[in-house]
Amino acid sequence: MPDLLTERSARIATARKLTRRSGRDDAGAFLAEGRQAVSEALAEAQDDPGAVLELFVTEAAAAAHRDLLAAARVPVHVATDRAVASLSETVTPQGLVAVCALRDVPAETLVADPPRLAVALAELADPGNAGTVLRTADACGARTVVFGAGSADPYNGKVVRSSAGSLFHVDVVRSAPLAELVPQVQAVGMTVLAADGGGEVALDAAAQEGLLAGPVLWLFGNEARGLDPALGALADARVRIPMRGRAESLNLSVAASICLYATQLAP
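Criteria and cut-off values
Residues numbered from 1 in each chain as written. Predicted model: local features only at pLDDT ≥ 70, side-chain atom pairs only at ≥ 80, totals over all residues. Heavy atoms only, no water. Pairing = 2+ DSSP bridges. Helix = DSSP H or I, 4+ residues; strand = E, 2+ residues; numbered from the N terminus. Axes fitted to C-alpha atoms, helices over the stretch in contact; angles between N-to-C directions. Buried < 20%, exposed > 50% of the residue type's maximum accessible area, 1.4 Å probe, protein only. Right-handed = clockwise from strand over helix to strand, strands pointing away. Contact = heavy atoms within 4.5 Å. Core = buried A, V, L, I, M, F, W, Y, C linked by side-chain atoms within 4.5 Å.

In this section: the sheet that holds strand β2 (residues 52-57). Hydrogen bonds between backbone atoms are what pair the strands of a sheet, whose relative direction is either parallel or antiparallel. Reading across from one edge, β1-β4-β2-β3 is the order of the four strands in this open sheet, with mixed pairing throughout. Of all the strands in the sheet, the pair left with one neighbour each is β1 (29-33) and β3 (76-78). In this sheet, neighbouring strand axes are inclined to one another by 20° on average, regardless of whether the strands run parallel or antiparallel. Where β2 meets β3, three bridges bridge the pair, whose relative direction is parallel. By the bridge assignment, Phe56 is partnered in β3 with His77.

As structure tokens, this is what we get:
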């Protein structure tokens, strides 16, 4: 068996640069950690052989995931625990990391072929929230998730983990200027809805009025500040979730789940 790679090995040092956005942009690649993310990445590679570039595993992970690695059609490098841990941003690394090619698409894709449901994140800063919304969007049938300028990087390690593999199921648009994109998608027939706690239209009323019938692009804003009023004003409607109890507001990812699930149910 070849010597194990260590944290000083050139391959590990090169992959470690992908824990930073600048390194990801320079290399055109990102890291996906853990069996769920890696298995989804390898499934994507069945149709797109360039989707996964290589894998790094510890000896323990190689034994635990023998079935997954046997089917991989990319180089598999066995490395020390410390080496693989240096590629992880978690407290308890799982010992299995894939190097994947960046997979975002141009914003023009959304305009050229409008999906039934899409999501746009406007200055959504928390990577965990971003990954959760991406996962929910996938579960509700959204084909595209737009990360607007100022939002978390979809290839941030926490976003990738929180998406639980959904990053590999949807089209991702990165760093899009949403104020320019909204009028463009409206011009091709998409209804743009802004999630806003002070919105003039209640979610149930929006459903009754046919606003959720699609194609729909939902706008979700920053966790603390909400949606920029100027961007919200571009939407076809600002929609609020009716709350019967005394809660001051909803967590952004929870609100996104409610809005997207309601849209999924619309005829």
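Let's shift gears to the pairing of strand β6 (residues 144-148). Most of β6 sits out of view: five of its five residues are buried. Residue alternation in β6 divides its side chains into two sets, Thr144, Val146 and Gly148 and Val145 and Phe147, and both sets are buried. As defined by bridge partners, strand β5 (residues 117-121) adjoins β6 across four bridges and the pair is classed as parallel. By the bridge assignment for β6, Val119 is matched with Val145. Regarding topology, helix α8 (residues 127-139) serves as the crossover connection from β5 to the parallel β6, and that connection is right-handed. One ladder, built from five bridges, connects β6 with strand β7 (residues 171-176); its direction is parallel.

With respect to the helices and strands, the residue Thr136 is situated in helix α8. In this structure Thr136 touches Ser257 and Leu260, once residues within four positions along its chain are discounted.

Glancing now at unusual backbone geometry. The omega torsion across Gly214 and Pro215 is 0°, close enough to zero to call that bond cis. When you line up the elements, Pro215 lands in the loop between α11 (203-208) and β10 (216-220). Of note in this structure, Glu123 is not a glycine but carries a positive phi near 55°. By the secondary structure assignment, Glu123 is in the loop between β5 and α8. Unlike most non-glycine residues, Ser175 shows phi in positive territory, near 60°.

Ranked by size, the top nonpolar core spans 55 residues in total, and within it Val52, Leu55, Val119, Leu121, Trp218 and Phe220 carry the most contacts. Per element, the largest residue contribution to this core is five residues, and it comes from helix α3 (residues 35-47). Sequence-distant contacts of Val119, that is, excluding residues within four places in its chain, are made with Val133, Ala137, Ala142, Thr144, Val145, Val146, Leu217, Trp218, Phe220 and Leu260. Ranked by size, the runner-up nonpolar core spans 20 residues in total, among them Ala118, Val182, Val185 and Leu231.

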